[in-house]
Amino acid sequence: MNFDTRILVLSALAAAALAGCSSTPLTDTSAPVETRTPVTASGAGATQSPGATASGTPQSRVTTVDLAAQNAAAAAAAAAAVSAQRVVYFDFDSFSIKDEFKPAIDGHAKLLSSNRTKRIKIEGHTDERGGSEYNLALGQKRAEAVAKSLELLGVADQQVEAVSFGKERPAAVGHDEDAWAKNRRAELKDR
Amino acid sequence: MWPRRRFITALASAAALPAAAQFRIEVSGVGATQIPLVVATFRDEDKARTPIAAIVRADLQRSGLFRPAETPLALDERSTIVTTEWRERGADALVAGSLTRLADGRFDIRFKLWDAVKGEQLISQGARVVVDGDLRLAAHRIADEVHEKLTGERGVYATRIAYVVKNGRRYSLHITDADGEGGQVALASPEPIISPAWSPSGMQIAYVSFEMQKAVVWVQDLLSGERRVLANFRGSNSAPAWSPDGRQLALTLSRDGISQLYVMPAAGGGNPRRLTTSNAIDTEAVYSPDGATIYFVSDRGGGPQIYKVPAAGGNAERVSFNGAYNISPAISPDGKLLAYITRQGNAFKLMLQELDGGAVRALSDTQDDESPSFAPNGRLLVYATRQQGRDVLMTTTLDGKIKTRLLTSGADMREPAWGPFVA
């Protein structure tokens, strides 16, 4: 057999071998392939897919915890609460700060300590009973008591001014204990 | 008692005093003895717009010490008066005078006072020349002179009273004659005014104003209206009190963290001299008439009480011992009496204490008394109180028996201060 004949035979054999591979039928026994659609954070448009929980929350969900946002929200809520609590009330002839007002003072102290440019004015008042001058001094003592509490909690002296209106600027008109109790107060105002 | 003769006309109604629409005076109580006297209409007083004789009668009646009457007879200071005739008609004294308008527009006022009991002229050459605007003052001075001659005590009809009126959210500092007439506003403000204090000359007034949203002490010249800040230190500045020589004021300042007494020059400036050093409220200073002592309120012992301290500095000594709450001291011009306000339960009452001996008595029937101030003759007190829901001013004699009530329609009156004698 010469060279040309051998190539023909080899080619024929190769072709026969290749033809034999492609024509042999194979039985496919692999697992079924699942079709998955990515689940969005809100779950909208997600196709119910096998393996998901009954409530619809995907298994691999990750919820983000943003500490910066949390702090900002809590601070805003606290500031709102503190802003609402701008009046400290006192018993007759007294300038002691009662326990129920300490959280409000704490709140103001935090706001002022965290922002040194912020300033407040504390205005002390009394009820209508008694002379104008003694009540002016008593109102001043009430304002100074609140100022002192703030300073003990870290607020700078320059941020706070304590003044008094004595009995000259009542919040409630009336000549009974109900009105008097509303007038014995110190008000915290932004300056 | 009064003979119905044509010589004397009793006043139609004892309580019908000439009153401005705004300021009414009601007198309650009378003196143990009232001196009946006749004040004749001054000749030609109708040429001016000021009823001289009526003002004199009203002043004398308001004191509770006199029963003044008119006469239809035309009398003046040159009339021949037979005092026994007047005595028979029930008058102990007679006043007659005249008003003459001069070429320059001023008025020449002359008068005489006859004592019908002694049968002599007590004032024989009463005379003064005044401008039209001072005719009321001239009438008050005549009443003062008559009062002094017949009672031995100086009258205060020619003095003035300062007080604060609150009308809704408007406050004004008023100066009126002691009879409530001639009211003028020294200061009108949308913020409170408290603690007016007359300078000894009567020309200036110190007070506390809240126009800067805090208590600041101002001094104002009444004639010109010029005003200046005397004290605006940190915190509250209040309770101004003039020294008797007019050179200094004692004040309450909270600049060192708590209300304490300080002394400053009336001209202002300089550093205030601290007078008290307690850890308590010290306030409401008033000088004694000799300027050597300052009385004040302190709660260093618990509740507010009245103390005294040498004006030059030194130890404080307690002065009030009745009750647990005593404030607002006022010292009489002779230095012997202390008027103040005491709290009894829910009531605030005017009290008078003898500084030598300590005897104390109540002077009022009301429950909300404030701010007593002595008249410069030491015979009367003016104070603020509350009646029928209104803040009013009252005067009282020191025995509490004769009172006048001063009230103005629609507004609350408070913080009275009786002005000094002026020449």
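Residues numbered from 1 in each chain as written. Chains lettered and ligands numbered in written order. Predicted model: local features only at pLDDT ≥ 70, side-chain atom pairs only at ≥ 80, totals over all residues.

Side note on the overall build of chain B
Part 1: When helices and strands are tallied, chain B shows 3 helices and 31 strands.
Part 2: Within chain B, the proportion of its 423 residues that are buried is 47%.
Part 3: At a minimum sequence separation of 6, the contacts of chain B that also span at least 24 residues come to 45%. (Helix = DSSP H or I, 4+ residues; strand = E, 2+ residues; numbered from the N terminus. Buried ≥ 20, exposed ≤ 12 C-beta atoms within 10 Å, placed from the backbone. Contact = placed C-beta atoms within 7 Å.)

Some remarks on the overall build of chain A
Part 1: In terms of regular secondary structure, chain A is built from 5 helices and 4 strands.
Part 2: Each helix and strand of chain A, placed in order from N terminus to C terminus, yields the pattern α-α-β-α-β-α-β-α-β.
Part 3: A burial count over chain A gives 25% of its 191 residues as buried.
Part 4: Sequence separation of at least 24 residues holds for 67% of the intrachain contacts in chain A that already meet a minimum separation of 6.

A word on the interface of chain B and chain A
Many descriptions give the size of an interface as the accessible area lost when the pieces come together.
Part 1: Taken together, the contact between chain B and chain A spans 27 residues of the former and 16 residues of the latter.
Part 2: Counting residues per element, the ones that place at least two in the side of chain B that touches chain A are β11 (193-198), β15 (237-242), β19 (282-287), β23 (326-331) and β24 (337-344) of chain B.
Part 3: Looking at the side of chain B that touches chain A residue by residue, the classes come out as 12 nonpolar, 10 polar and 5 charged. (Nonpolar A, V, L, I, M, F, W, Y, C, P; charged D, E, K, R; others polar.)

Digging into the domain arrangement of chain B
Part 1: According to the domain assignment, chain B contains domain 1 (9-151) and domain 2 (160-418).
Part 2: Spacing between the C-alpha centres of domain 1 of chain B and domain 2 of chain B amounts to 34 Å. (Domains from an automatic or database assignment.)

With respect to the packing of helix α1 (residues 52-62) of chain B against helix α3 (residues 135-151) of chain B
Residue and element names in this part refer to chain B.
Part 1: Interhelical geometry of α1 versus α3 gives an angle of 45° and a closest axis separation of 9 Å. Taken together, the axes of α1 and α3 lie oblique to each other. Of the two possible hands of crossing, α1 and α3 adopt the one that is right-handed. Packed against α1, whose contacting residues are Ile52, Ile55, Val56, Asp59 and Leu60, the element α3 presents Leu135, Arg136, Ala139, His140, Ile142, Ala143, Val146 and His147 at the interface.
Part 2: Of the residues belonging to the contact of α1 with α3, the class tally is 9 nonpolar, 2 polar and 2 charged. (Axes fitted to C-alpha atoms, helices over the stretch in contact; angles between N-to-C directions. Parallel < 35°, antiparallel > 145°, perpendicular 65-115°, else oblique. Left-handed = near helix turned anticlockwise from the far one by under 90°.)

Re the packing of helix α3 (residues 102-113) of chain A against helix α4 (residues 132-152) of chain A
In helix packing, the relevant descriptors are the interaxial angle and the interaxial distance, both defined with respect to the helix axes.
Residues and elements named next belong to chain A.
Part 1: Closest axis-to-axis distance for the α3/α4 pair is 9 Å, and the angle between their directions is 55°. Looking at the two axes, α3 sits oblique to α4. The element α3 and its partner α4 pack so that their crossing is right-handed. Residue-level inspection shows Ile105, His108, Ala109 and Leu112 of α3 in contact with α4, the latter providing Val146, Ser149 and Leu150.
Part 2: Residue classes in the contact of α3 with α4 are distributed as 5 nonpolar, 2 polar and no charged.

Quick word on the nonpolar core
Residues and elements named next belong to chain B.
Part 1: Counting residues in hydrophobic clusters, the biggest one holds 141 residues, and the most contacted among them are Val56, Leu94, Val95 and Ala206.
Part 2: Lining this core are residues from two domains, each supplying at least three of them: domain 1 (9-151) and domain 2 (160-418).
Part 3: Those residues in contact with Val56 that sit more than four places away from it in its chain are Val39, Val95, Ala139, Ile142, Ala143 and Val146. (Core = buried A, V, L, I, M, F, W, Y, C linked by C-beta atoms within 7 Å.)

Re the confidence of the model for chain A
Reading predicted coordinates in detail is not appropriate for stretches of low pLDDT.
Part 1: In this model, chain A carries a mean pLDDT of 80, and residues with pLDDT of at least 70 account for 68%.
Part 2: Note that pLDDT drops below 50 for residues 22-29 of chain A; the model gives that stretch 0 contacts with residues more than four away or on any other chain. (pLDDT = per-residue confidence, 0-100.)

Regarding the sheet that holds strand β25 (residues 347-354) of chain B
Residues and elements named next belong to chain B.
Part 1: Read across the open sheet, the 4 strands follow the order β23-β24-β25-β26; overall the sheet is antiparallel. Of all the strands in the sheet, the pair left with one neighbour each is β23 and β26 (360-362). Adjacent strand axes in the sheet meet at a mean angle of 30° when their direction is disregarded.
Part 2: Pairing of β25 with β26 involves 3 bridges; the strand directions are antiparallel. Each bridged residue has a counterpart across the sheet, and for Met351 the counterpart in β26 is Ala362. (Pairing = 2+ DSSP bridges.)

Details of the sheet that holds strand β10 (residues 184-189) of chain B
Residue and element names in this part refer to chain B.
Part 1: Ordered in space as β10-β9-β8-β31, the 4 strands form an open sheet in which the pairing is antiparallel. For this open sheet the edge positions go to β10 and β31 (412-418), each flanked by a neighbour on one side alone. Taking the axes of each pair of neighbouring strands and ignoring which way they run, one obtains an average angle of 20° across the sheet.

Describing α4(A)
An α-helix turns once per 3.6 residues; consequently, residues spaced three or four apart project the same way.
Part 1: With 21 residues, α4(A) should cover 30 Å at 1.5 Å per step; its first-to-last C-alpha distance of 30 Å lies within 8% of that length.
Part 2: Counting buried positions over the 21 residues of α4(A) gives 17, a clear majority of the element. (Expected span 1.5 Å × (residues − 1).)

As for the pairing of strand β28 (residues 380-387) of chain B
Residues and elements named next belong to chain B.
Part 1: Most of β28 is tucked away: 6 of the 8 residues are buried.
Part 2: Pairing between strand β27 (residues 370-374) and β28: 3 bridges, direction antiparallel. Its bridge partner lying in β28, Glu370 is registered against Ala384.
Part 3: The hairpin formed by β27 and β28 contains 5 residues between the paired strands, and Gly378 there has a positive phi angle of roughly 70°.
Part 4: Bridge analysis of β28 against strand β29 (residues 390-397) gives 8 bridges, and the strand direction is antiparallel. Each bridged residue has a counterpart across the sheet, and for Ala384 the counterpart in β29 is Leu393.
Part 5: Remark: 2 residues form the turn of the hairpin made by β28 and β29, two consecutive strands paired antiparallel; Gln388 in that turn has positive phi of roughly 50°.

A short note on the confidence of the model for chain B
All names here are of chain B.
Part 1: Across chain B, pLDDT averages 91, with 93% of residues at or above 70.
Part 2: Long-range and interchain partners of residues 1-5, a stretch whose pLDDT sits below 50, account for 7 contacts in this model, where long-range means more than four residues apart.
Part 3: Residue range residues 11-23 is modelled with pLDDT below 50. Its contacts to residues more than four positions away, or to other chains, number 23 contacts.
Part 4: For this predicted complex, the interface confidence comes out at an ipTM of 0.89, alongside a pTM of 0.82.

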